[in-house]
Every structure is written in C-alpha cells, then in structure tokens.
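Single-letter residue listing:
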Amino acid sequence: MTTGIQPPVTFSTSPEVQAERRRALRALLRNPLLLAAGETAPQYELVRNHSAWLKHWLTAFPGWTLHIDADAARLRKTPPGLADETRPAVDSTSGSAFSRRRYALMCLALAALEKSERQTTLGRIAETIVDLAAGDRSLQSAGLMFDISSHDQRRDLVHAVRFLLKNGLLRRVHGDEQEFLNQTGTSDALYEINRSILAVILNVSRSPSALEASVRTFSHSTDERGKWITEDPVPITEDARNRQLRSRLVRFLLDDPVVYFHDLNSEELSYFERQRGYLLKQIREATGLVPEIRREGIALLDDAGDLTDIKLPEEGTDGKVTQFLAERLAEHLKNEPGVAVPFKTVQRYISNLIRIHGSRWRKAVREPNAEVSMAEDALRRLQGLRLVRITAEGAVPLPAMGRYAQSQPASN
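A brief report on the enclosed structure follows. Keep in mind that this is a model prediction, so the values were computed, not measured.

**Some words on the overall build of the protein chain**
In terms of regular secondary structure, the protein chain is built from 16 helices and 11 strands. Taken across its 412 residues, the protein chain has 44% of its residues classed as buried. A sequence separation of at least 24 residues applies to 64% of the contacts in the protein chain between residues at least 6 apart. Summed over its atoms, the accessible surface of the protein chain is roughly 22,000 Å², and 50% of this surface lies on carbon and sulfur atoms.

This is the structure in structure tokens:
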C-alpha cells in the first residue's frame, strides 16, 4: 500500500545547520508573518537563509506553503479545522480577543485598502466599509452592518487597524486612532499602505475574487464561501489521499496543544497508527517539540516555552487563577470523569480564591461580580489548551487536565 511519503531530499546534516533550521521553523510557527524590517528582521533573515529546506519540509508534512519576498516571509498556515474559536487574535493594546465582527471588519478593511491609493485615512477606510457592507446582501443576511456612529463598532474597526499596523501592512504617518474612536478633534489618522504585505496577508487557497464568478453558477452561504476559498483540493488518488491525511495529522500536532484520539476519524487514526513513529521523529527533529503519548491522545511538549501562545502556569493574576482552577478541575476529573462543572460552581470557586488571595492580585479583582469575567477568561484559556470542553451545562475537564492534579486543594 502506498503511504504518500516521498523519498527524502538531501540537505545538510550538520548539527549547526540543523539547529538554525529548527530556529527558523519555530520562528514561522510562532509568527507566520515575519517582516524584513523591525524586531522580526533577524528571524526573517534566518528563514530566508534556510528557505529551500523550509519549503520542502512544510510541503511534505503539514502541506503549507511559504512565500518570501523582500518585505516579508509569509507562512500560509492553514489550520486543521476552521471551526476552532479558542485561540483568536488579541488586540495588543487592550488585550481583548477578536470577535467575529472584528474579523469581518478586518477583511472589509483589506478590501477597502485594495481600492485605496498609496496613502489613506482611517475615516476613509470606515466610509468604504460602510459602502461595502451596505452593498452586499450576503453580509446583511449574516447580520453584519457597520454603523460609524456606534462607539463599539468604531472600537472593533480600530482594533482591526491596530492588527494591520502591528503586522506591517499599514504605517502610521500621523494622527491617532483614539481621536476616531472618541470622535474628538479634527485630524484623521493617515496611513501608508504596504502593498506587498496586503498581497500576502490573506491565507487562502483560492482567490476571493474568483468566488464572484463561482456564485453566479451556484449559491453559497457565508460558511460555504469561507470553506470554498480555504479548503484543500479533493484528492482523487490514493497517494493524494494519504498526503492529505498526513497533512491534517501534522497540522493537528503542530497547532493543537493536545490531540485526542477520539477526535480523529477512523481513516486518520489508522494512518497515524501506521506512520506514528516516522511522523513524530520528523516533527521532533524539525521543531524540537517532544511527543508525550498517552492512552487518550498525544501532546507535543515545548521545553523552551516560546511556541506556546497560552502558558500554564503563568505569572500574573490571570495566570494564577487559571492554574488554581486547573488544579480544582483536575480533582473533579479524577472523581467524576466526563461530568460538567456548572459555570456557577466555577464562579463560586473563583470568588473564594479572590477572598483568600485577592490582596496580592490586581485591584480590579475586588470589584463586584469580578468572578464572572475571571471565570470566563480562565475557562477560555483552558479551552484553548484543550483541557476543557465547554457545553451548555458547564465545563467538562478533558483527560489531559489530569496532569494538574494536586494532593491538596489549591486554595488551602
């Protein structure tokens, strides 16, 4: 039976070169868009120097493509599933996570920038978004409207623009987004557009412009449109099917903190059982991630800690609360596996933590009902780490939560 694994291409086996390649790949996994200028310049140069090996490995295993030009290195890092909402983009100023609206506004902002000259203003971007949203029936049927008079919606746009500034697509010439947000002052934020970044920032397998021709032939819902521009081609041979299976499994292993065997379908599980040793060896050599295999699944451990977007344990109030909650939920898992912990129970537990430890935590935790938002934040972190599953009944601890079990209750 064919496995879809191609004969190896020869590259240097020098330990020094292998260490550099590992650093380059880790840099891309940590930040799929590396700018040639600024703080990511050293990582960009490293990636450029090892681009041949990186392109080969990324094509052979996760099935991702790497684009490199004079301005940036862009890893087109397609996730194994598009429905995962546990690790959204985060606004660097406020720390708040991107919502569906913010993502939609960012895409509309990209469309507005495509229509712009070399420079544009935040006000002009907003006006173009209003026109685009008003002229698209599918957006309206999905409930997406942009009201420039709404403070919340202006804030969503500001967060989207900050994301584009951070990633080098926009460069602020003068002005301040805060004036637009608060509708104060007469000046407008002026930006210069980096068109090479604009051309590569979307991670799609088909051009969105090609979708317009397609919808004339058959109807697309909003979800179907998203799948159409991002999904991999349907394999038509056994070899292509095996390559797709390998890509999906490696994407799971690189993207998810824990991969549970029960989340794999029978075909994926069968392929993984046959190729497990080879795949894990390749991933470990390429990334430095160490596999930990248990009965219920597998995790790739990052001893260096710089590939983990959510850390546990972590310093600070939010990190401490999440650690305490993990320990309590681990005890629940041990005593009542598979049973949800109600949200109210989580809130009461965090309220008790605040009473005991609050004097050493940030002042905001002592405000009325602070335990509600803190519980939501902690559960969101644990969900992102694949340690809990959120249901209508509450939080269900997953098997990997067991590693946080303590011999004594954490709050004592």
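**Let's talk about the packing of helix α1 (residues 15-30) against helix α2 (residues 41-49)**
Two numbers describe how α1 lies on α2: the axes approach to 9 Å, and their chain directions differ by 120 degrees. With respect to α2, the axis of α1 lies oblique. When the axes of α1 and α2 are compared, the crossing they make is left-handed. Judged by residue contacts, E20, R23, A24, A27 and L28 of α1 engage Q43, L46 and V47 from α2. Considered class by class, the residues forming the contact of α1 with α2 number 5 nonpolar, 1 polar and 2 charged.

**A word on the pairing of strand β9 (residues 297-301)**
The element β9 is extensively covered by neighbouring structure, given that 4 of its 5 residues are classed as buried. Note that strand β7 (residues 259-260) and β9 share 2 bridges and pair antiparallel. Paired with V259 across the strands is I298, a residue of β9. Relative to β9, strand β8 (residues 290-293) is paired through 4 bridges, and the arrangement is antiparallel. Across the sheet, V290 pairs through a bridge with L301, a residue of β9. Linking two consecutive strands that pair antiparallel, namely β8 and β9, is a turn of 3 residues.

**Observations concerning the packing of aromatic side chains**
Inspection of the entire model under this criterion finds 7 aromatic pairs. Aromatic side chains W57 and F61 sit 5.1 Å apart centroid to centroid with 35 degrees between the ring planes, which places their arrangement in the tilted category. We note that W57, like F61, is buried. What links up through ring pairs into an aromatic cluster is the set W53, W57, F61 and Y278.

**Here's the deal with the pattern of salt bridges**
Inspection of every chain in the model, using the stated rule, returns 21 salt bridges. Between D302 and R26 there is a salt bridge; the shortest N-O distance is 2.8 Å. Of the two residues, D302 is situated in the loop between β9 and α14 (317-335) and R26 in helix α1; the sequence distance between them amounts to 276 residues. Here D256 and R386 are joined by a salt bridge, their closest N and O atoms 3.2 Å apart. Of this pair, D256 sits in the loop between α12 (238-255) and β7 while R386 is found in the loop between α16 (370-384) and β10 (388-390), placing the two residues 130 residues apart along the sequence. The exposure class assigned to D256 is buried, which follows from its relative accessible area of 10%. Three or more residues joined by partner-sharing salt bridges are found here, namely R26, R30, D302 and D306.

**Focus: the nonpolar core**
V47, L54, W57 and L58 are the most contacted members of the largest nonpolar core, which totals 37 residues. Of all the elements in the fold, those that place two or more residues in this core are α1, α2, α3 (51-60), β2 (65-68), β3 (72-76), α12, α13 (266-287) and β9. Contacts of L54, omitting those with residues within four sequence positions, involve R21, A24, L25, L28, V47 and L66. Within the second largest apolar cluster, 35 residues are counted, among which are L35, L110, Y191 and L198.

**Observations concerning the sheet that holds β7**
Pairing is antiparallel in the open sheet, where 3 strands are placed in the order β7-β9-β8. Of all strands in the sheet, those bounded by a partner on one side alone are β7 and β8. Sheet strands in contact with α13 are β8 and β9, and its direction is about 150 degrees off that of β8.

**Re the packing of helix α4 (residues 100-114) against helix α7 (residues 151-166)**
Axis separation between α4 and α7 bottoms out at 9 Å; the angle between their running directions is 65 degrees. The element α4 and its partner α7 pack so that their crossing is right-handed. Between α4, through R101, R102, L105, M106, A109, L110 and L113, and α7, the contact on the second element is made entirely by Q153, R155, D156, L157, H159, A160, F163 and L164. Within the contact of α4 with α7, the residues separate by chemical class into 9 nonpolar, 2 polar and 4 charged.

Conventions we followed
- Residues numbered from 1 in each chain as written.
- Predicted model: local features only at pLDDT ≥ 70, side-chain atom pairs only at ≥ 80, totals over all residues.
- Heavy atoms only, no water.
- Helix = DSSP H or I, 4+ residues; strand = E, 2+ residues; numbered from the N terminus.
- Buried < 20%, exposed > 50% of the residue type's maximum accessible area, 1.4 Å probe, protein only.
- Contact = heavy atoms within 4.5 Å.
- Areas by Shrake-Rupley, 256 points an atom, 1.4 Å probe, with all protein chains shown as cover.
- Axes fitted to C-alpha atoms, helices over the stretch in contact; angles between N-to-C directions.
- Parallel < 35°, antiparallel > 145°, perpendicular 65-115°, else oblique.
- Left-handed = near helix turned anticlockwise from the far one by under 90°.
- Nonpolar A, V, L, I, M, F, W, Y, C, P; charged D, E, K, R; others polar.
- Pairing = 2+ DSSP bridges.
- Phe/Tyr/Trp six-rings, centres within 6.5 Å; stacked < 30°, edge-to-face > 60°.
- Salt bridge = Lys/Arg side-chain N within 4 Å of Asp/Glu carboxyl O.
- Core = buried A, V, L, I, M, F, W, Y, C linked by side-chain atoms within 4.5 Å.

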